[in-house]
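# Report on the structure
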Amino acid sequence: MAKALGNDPESEIRENIHKISQLLVGEVGLLFTNESVDSVKKSFESFEANDYPRAGTIATYRVVVPKGEVARGYAKEPFPNNMEPELRELGMPTLLRSGKITIDSDFVICEEGDRLTPQQSRLLKHFWEKMAVFKVNLLCHLGRNGEFVQLAENKNTDEESSDEDME
């Protein structure tokens, strides 16, 4: 996308759009709209959605799977038995008994404050534990007159991004 917009003033398709191209690093998106800047800011400031955490995220609470039949969610929906190898691969000491996935002792997926591993984040998703919050942070806008205004830094543009940027 950055190449299509233009990486420098000589190749840009519109005045100052190369400045946006330079911010297209990591998990970013583009929004094209006729709405006012204030309207867009207001919409995104009020938007948040619960999401599954990714590897590197800090766990916000402890998650324990109690011994016995393995179930997920508030409704305690049992896992289908074909999920047993996946759960075992992710570190759960599971057994298949009478077509039901079980564990013989409580299993701690994560403790509050843990930096989640890829395995823990996959387990949390399987158990429908949404402990992350999805929020859109506006980085910049380009007006019709070509005026570029940067609203925030893109943490992903720094080559030495630390894992703390994932919080």
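Whatever comes next refers back to the structure up there.
In what follows, the accompanying structure is described. (Residues numbered from 1 in each chain as written. Predicted model: local features only at pLDDT ≥ 70, side-chain atom pairs only at ≥ 80, totals over all residues. Heavy atoms only, no water.)

So, about the pattern of salt bridges. Under the defined criterion, the tally for this structure stands at four salt bridges. Its salt-bridge partner being Glu86, residue Arg122 comes within 2.6 Å of it at the nearest N-O pair. One end of the pair, Arg122, is in helix H5 (residues 118-126); the other, Glu86, is in helix H4 (residues 84-89), and 36 residues separate them in sequence. In this structure Arg122 comes out as partly exposed when scored by relative accessible area, which is 38%. As a salt-bridge pair, Asp104 and Arg97 come within 2.9 Å of each other at their nearest N and O atoms. (Salt bridge = Lys/Arg side-chain N within 4 Å of Asp/Glu carboxyl O. Helix = DSSP H or I, 4+ residues; strand = E, 2+ residues; numbered from the N terminus. Buried < 20%, exposed > 50% of the residue type's maximum accessible area, 1.4 Å probe, protein only.)

What follows is about the pairing of strand S6 (residues 94-97). In this sheet, strand S7 (residues 100-103) lies alongside S6 in antiparallel orientation, the contact comprising four bridges. When the bridges of S7 are listed, Leu96 appears paired with Ile101. (Pairing = 2+ DSSP bridges.)

Attention now moves to the pairing of S7. The two faces of a sheet get side chains in turn, since along a regular strand they alternate between them. As defined by bridge partners, strand S3 (residues 68-69) adjoins S7 across two bridges and the pair is classed as antiparallel. From the neighbouring strand, Gly68 faces S7, where its bridge partner is Ile103. Here S6 folds back onto S7 in antiparallel fashion, the turn holding two residues, of which Ser98 has a positive phi close to 55 degrees.

What follows covers the side chain of Thr102. Structurally, the position occupied by Thr102 is in strand S7. Among the polar contacts made by the side chain of Thr102, one reaches the side chain of Arg97 at a distance of 3.1 Å. When neighbours within four sequence positions are excluded, Thr102 is seen to be in contact with Gly68, Glu69, Val70, Pro93, Thr94, Leu95 and Arg97. (Polar contact = N/O pair within 3.5 Å; in protein donor to acceptor, adjacent residues only side chain to side chain. Contact = heavy atoms within 4.5 Å.)

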